[in-house]
Amino acid sequence: MSQQMQFPPGAPVPTGAPAPQAARNGLGIAALVLGVIGALSGLIPLMFWFAGTLGLLALIFGLVGRGRAKRGQATNKGVALAGVLLGVASLILSVVGAVITFTAVKDTVDEINKSLETSTAQPKSGDDDAAGTGGGSKGKVGEALHAGDTAEYDTGLSVTVSKATAYTVGEFAVGHKEGQKAYKITVQLENKGKEKFDSTLTLVEARAGKDGKAAEQIFDGTVGEGFNGKILPGKSASVEFAFDAPAGAKNLDVEVTPGLEHEASQWDLGL
């Protein structure tokens, strides 16, 4: 009669050979996925930062995955190697994209600075007439112009300011104070360039008196309404402005800024 082995209650029963551990392939797969996305992102120069980040992660995960494969903990050695190579490719594309992006930004800034430099006004002396038109030799950039002088810009735009004449303020005018004197000027914009010029943003300001305080602009019907619309090549536009100055003021300093692309020019007008 055969005897059957008895085991104490709760004792482990031997079941044979131990079960094999599952392969740890996660890092190798992650390296491959990150490497593919990083390489594709690197093809777009502006995405250099994203490609560089994913490439670095793919390189790290791929190297760790290859180490696991060598130790027998993973079975996807080829996948991990592909992740490493794609990570390196992503880093290279990231560097190339950064160089392209920064170069493009630098070239753009240089072009903007060059454009601003070439739009500097070239003052041109003229006759001191009421119409404010005149010609003559060019003066130094930045010097004060006088009545009738013309500031010419390399863009083809020219600005002329007439002499200041006494102005009688209307009953419903705004900006005039009792005891002050009002003066009127005419500002003319002439477009000698090849493109339309938008005059809407043209700014006309003035200062008067010994202290050089801002002279209040007077709005009186069409006087002071400002420039509006675009000026075609070969055409010009004129607008009348009026300013309030102290009774004893001897000069009216007028500054005209023709839009954002041109520097301001100044006129020193005797009163």
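Residues numbered from 1 in each chain as written. Predicted model: local features only at pLDDT ≥ 70, side-chain atom pairs only at ≥ 80, totals over all residues. Heavy atoms only, no water.

**Structural notes on the overall build of the chain**
Then, number 1: The helix and strand tally for the chain stands at 3 helices and 13 strands.
Then, number 2: For the chain, restricting intrachain contacts to residue pairs at least 6 apart in sequence, the fraction spanning at least 24 positions comes to 67%.
Then, number 3: Accessible area for the chain stands at about 16300 Å²; split by element, carbon and sulfur atoms hold 59% of it. (Helix = DSSP H or I, 4+ residues; strand = E, 2+ residues; numbered from the N terminus. Contact = heavy atoms within 4.5 Å. Areas by Shrake-Rupley, 256 points an atom, 1.4 Å probe, with all protein chains shown as cover.)

**Here we look at the pairing of strand E3 (residues 157–161)**
Then, number 1: For E3, the buried fraction is high: 5 of the 5 residues fall into the buried class.
Then, number 2: On E3, burial covers both faces: Leu157, Val159 and Val161 on one face and Ser158 and Thr160 on the other are all buried.
Then, number 3: Strand direction decides the pairing type here: strand E2 (residues 150–153) and E3, joined by 3 bridges, are antiparallel. Counterpart to Thr150 in the pairing with E3 is Thr160.
Then, number 4: Sheet topology places E3 next to strand E5 (residues 181–191); 5 bridges connect them, and they run antiparallel. Its bridge partner being in E5, Val159 is matched across the sheet by Leu189. (Buried < 20%, exposed > 50% of the residue type's maximum accessible area, 1.4 Å probe, protein only. Pairing = 2+ DSSP bridges.)

**Overview of the confidence of the model for the chain**
Reading predicted coordinates in detail is not appropriate for stretches of low pLDDT.
Then, number 1: Per-residue pLDDT for the chain averages 83, and the proportion of residues at 70 or more is 82%.
Then, number 2: The low-confidence segment residues 126–141, where pLDDT is below 50, has 42 contacts with residues more than four positions distant or belonging to other chains. (pLDDT = per-residue confidence, 0-100.)

**Details of the pattern of salt bridges**
Where side chains of opposite charge bring their charged atoms close, a pairing between them can arise.
Then, number 1: Scanning the entire structure with this criterion turns up 3 salt bridges.
Then, number 2: With a shortest N-O distance of 3.1 Å, Lys106 and Asp110 are connected by a salt bridge. Within this pair, Lys106 and its partner Asp110 are both found in helix H3 (residues 77–118), separated by 4 residues, close to a single helical turn.
Then, number 3: Looking at Lys106, the relative accessible area reads 52%, which means it is exposed.
Then, number 4: What makes Asp110 partly exposed here is its relative accessible area of 36%.
Then, number 5: Lys192 is paired through a salt bridge with Glu152; the nearest N and O atoms lie 3.3 Å apart. Remark: Glu152 occurs in strand E2 and Lys192 occurs in the loop between E5 and strand E6 (197–198); sequence separation between them is 40 residues. (Salt bridge = Lys/Arg side-chain N within 4 Å of Asp/Glu carboxyl O.)

**Some points on helix H1 (residues 26–42)**
Then, number 1: With 17 residues, H1 ought to run about 24 Å at 1.5 Å a step, and its terminal C-alpha atoms sit 24 Å apart, in line with that.
Then, number 2: Looking at H1, one finds that the buried residues are Gly28, Ala31, Leu34, Gly35, Gly38, Ala39, Ser41 and Gly42. In a view along the axis of H1, the buried residues occupy a sector of 155°, so they form one face of it. (Expected span 1.5 Å × (residues − 1). Arc of directions from axis to C-beta.)

**Notes on helix H2 (residues 48–70)**
Then, number 1: The terminal C-alpha atoms of H2 lie 33 Å apart, and with 23 residues this matches the ideal 33 Å at 1.5 Å per residue to within 8%.
Then, number 2: Just beyond H2, the residue with positive phi is Gly72, at close to 80°.

**Details of the nonpolar core**
Then, number 1: In terms of nonpolar packing, the biggest core is built from 29 residues, with Ile185, Val187, Leu252, Val254, Trp267 and Leu269 touching the most fellow members.
Then, number 2: Every element with two or more residues in this core is listed here: E2, E3, E5, strand E7 (202–208), strand E11 (236–245), strand E12 (251–258) and strand E13 (265–270).
Then, number 3: Beyond its immediate sequence surroundings of up to four residues, Leu269 is in contact with His146, Ala147, Val161, Ser162, Ala164, Ile185, Lys250, Asn251, Leu252 and Val254.
Then, number 4: Core analysis: the second largest hydrophobic core is formed by 5 residues, Tyr167, Ala182, Ile218 and Val223 among them. (Core = buried A, V, L, I, M, F, W, Y, C linked by side-chain atoms within 4.5 Å.)

**Considering the side chain of Ser90**
Then, number 1: Relative to the assigned elements, Ser90 resides in helix H3.
Then, number 2: Separated by 2.8 Å, the side chain of Ser90 and the backbone oxygen of Leu86 make a polar contact.
Then, number 3: Apart from residues lying up to four places away in sequence, Ser90 is in contact with Gly35, Gly38, Ala39, Ala51 and Gly55. (Polar contact = N/O pair within 3.5 Å; in protein donor to acceptor, adjacent residues only side chain to side chain.)

**Some details on the environment of Gly97**
Then, number 1: With respect to the helices and strands, Gly97 occurs in helix H3.
Then, number 2: For the pair Gly97 and Trp49, spaced 48 residues apart in the sequence, the C-alpha separation amounts to 8.6 Å.
Then, number 3: Setting aside residues up to four positions removed in sequence, Gly97 forms contacts with Pro45 and Phe48.

**Section: the layout of surface pockets**
Then, number 1: Of the pockets and cavities examined, the largest pocket occupies roughly 320 Å³.
Then, number 2: Lining the largest pocket are 16 residues, with Lys196, Phe197, Asp198, Glu261 and His262 positioned closest to its centre.
Then, number 3: Of the residues assigned to the lining of the largest pocket, the class counts are 5 nonpolar, 6 polar and 5 charged. (1 Å grid on protein atoms, 1.4 Å probe; cavity = no way out; pocket = protein on both sides within 12 Å on 5 of 7 lines; lining within 4 Å. Points joined across faces, edges and corners; volume = space filled by probe spheres on them. Nonpolar A, V, L, I, M, F, W, Y, C, P; charged D, E, K, R; others polar.)

**Things to note about the sheet that holds E12**
Then, number 1: Judged by pairing direction, the sheet is antiparallel, and its 4 strands sit side by side in the order E8-E7-E12-E13 without closing on themselves. Each edge of the open sheet carries a strand with a single partner, namely strand E8 (213–214) and E13.
Then, number 2: One ladder, built from 7 bridges, connects E7 with E12; its direction is antiparallel. By the bridge assignment for E12, Leu203 is matched with Thr257.

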